[in-house]
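# Structural overview for review
This is what each chain is made of:
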Amino acid sequence: MVLFLIPLGGYCQNIMPLNVGDTLPSISFKNVFNNPGASISLNDYRGKLIILDFWNKWCIGCINSFPEMEKLQKNFGNKIKIFLVTTDSNEAVRQLFRRVKLPSLPIITGDTLLTNMFPHMTVPHHVWINSEGIVQFITDGYNTTENNIEKVLVGNKLTLNVKKEVNDFNHDVPFWQEGNGRLQKYVTGYSFAMKRIEENTSTNWSMSKDSVNKVIGFKFLNISLLELYKMAFGYSIYYSPYKHINRVVFDVPRKRNDFKPPTNYDSLNEWDKNNLVCFESKWMAVKDTLAFKHLQDDVNKFFPYSVKVEAREVFCYSLTLVPNYHFKKITNEKKMIDWNGDKFSLKNMPVSVLVESLNGMNIFDSIPVIDETGLEDNIDVTLINAFTDIKTLKGQLLQNGFVLEQKNKILKMLIISEKNNRAGN
């Protein structure tokens, strides 16, 4: 009884992180957002599979997965218990659920205890505790599936990716110096090419400029080869003309499928391990353009493909104006982009935003859309149920003063080919 009355904050200060195979101590919580005043003891759920889903208010993927977590809880009933755990305050969570449907699962807010037991840098972060109170898995959110839960409940052997993040990762030093050299095991080339880093599963990229020492460089963390190629040959880490897949030509056999993540989540971790890369480099006294040329040389040197930009004749869709169409004159109207369900609308935006949006649609994933309107004024556009097929989209655009036509055009394309390919072979 005396131990139970000790504040959890004091207990938290002395808690050691738990690993797979450790036993969860008996702990209780009163900060249950959707059941104020109630006390939850994890010890009361011995005999069930407990899943702790760590999340925060900034994680869109976490929030979008709440209905799936609810569905799993409903399907397995008393066999499992899922808790949503966040360090966010009660007020922050209250603000969130004014905009988002409140899930029926218990939500532990303002958490420090469980977060100290299971430290992590990225969310979702899932911890599975078996019926005996032993930590069984510390893994990614995508592993929490009906199939995997069923295997555990019936006693089948299951191996899940172990999330081995550290909470003291230093982004301000070169990878080879981080953590007193603990990441050197990932190095595959110098200048600096590395495999995916498992201790930090986030993705990050940056371009640094040191005007004092006249140094310029790049740093890419856990990025796909395709995205690295797009930035390097697009001369920008912010916006590349080859951002969309319809401006990329794959002159390679697709047997390895190196450029497209699997739709099967069970294979995602293995794909990431084989295909995500890290790269870091710095050069003395170079301008931005030359730095990107150095980057292009290096990615072609260290990675398995030959990449270049080449003007090619390609089939595309050209956006032009309906003759004599009179656009609404826009005066002091607030700029806005809105896509709500089946309705897509632009208010007081340049036509380039419309073209950019079209290129991001699935129906144009292999055919680029180009702007040949010559229109300089901002526009209002409203499209409703327009993206199911090209015919429907053309009709909707026509009503807004635009013609979408098929053409063959010479465009600069990002060409990815095998290194051993030769012209004419």
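Heads up: these notes are all about the structure in this document.

Procedures and definitions
- Residues numbered from 1 in each chain as written.
- Predicted model: local features only at pLDDT ≥ 70, side-chain atom pairs only at ≥ 80, totals over all residues.
- Heavy atoms only, no water.
- Helix = DSSP H or I, 4+ residues; strand = E, 2+ residues; numbered from the N terminus.
- Contact = heavy atoms within 4.5 Å.
- Polar contact = N/O pair within 3.5 Å; in protein donor to acceptor, adjacent residues only side chain to side chain.
- Pairing = 2+ DSSP bridges.
- Axes fitted to C-alpha atoms, helices over the stretch in contact; angles between N-to-C directions.

Mapped onto the elements of the fold, Asn-130 is located in the loop between β6 (125-129) and β7 (135-140). Considering only alpha carbons, one finds Asn-130 and Arg-99, 31 residues apart in sequence, at a separation of 34 Å. Apart from residues no more than four positions distant in its own chain, Asn-130 is found in contact with Lys-48, Leu-49 and Gln-136. In terms of polar contacts, Asn-130 uses its side chain to reach the backbone amide nitrogen of Glu-132, at 2.9 Å.

So, about the sheet that holds strand β4 (residues 80-85). Spatially, β5-β4-β3-β6-β7 is the arrangement adopted by the five strands of the open sheet, whose pairing is mixed. The strands lining the two open edges of the sheet, one partner per strand, are β5 (107-108) and β7. Across two bridges, the pairing between β4 and β5 is parallel. Along β5, the bridge assignment pairs Val-85 with Ile-108. Its contacts with the sheet place helix α4 (residues 66-76) against β3 (49-54), β4 and β6, and it is angled at close to 160° to β4. Where helix α7 (residues 146-153) meets the sheet, its contacts fall on β3, β4, β6 and β7, and the angle it forms with β3 comes to roughly 145°.

In the segment running from Val-123 into Pro-124, the intervening peptide bond is cis, with an omega of 5°. Inspection of the secondary structure puts Pro-124 in the loop between α6 (113-117) and β6. The phi angle at Tyr-235 is positive, at roughly 55°, despite the residue not being glycine. Mapped onto the elements, Tyr-235 comes out in the loop between α8 (225-234) and β12 (248-251).

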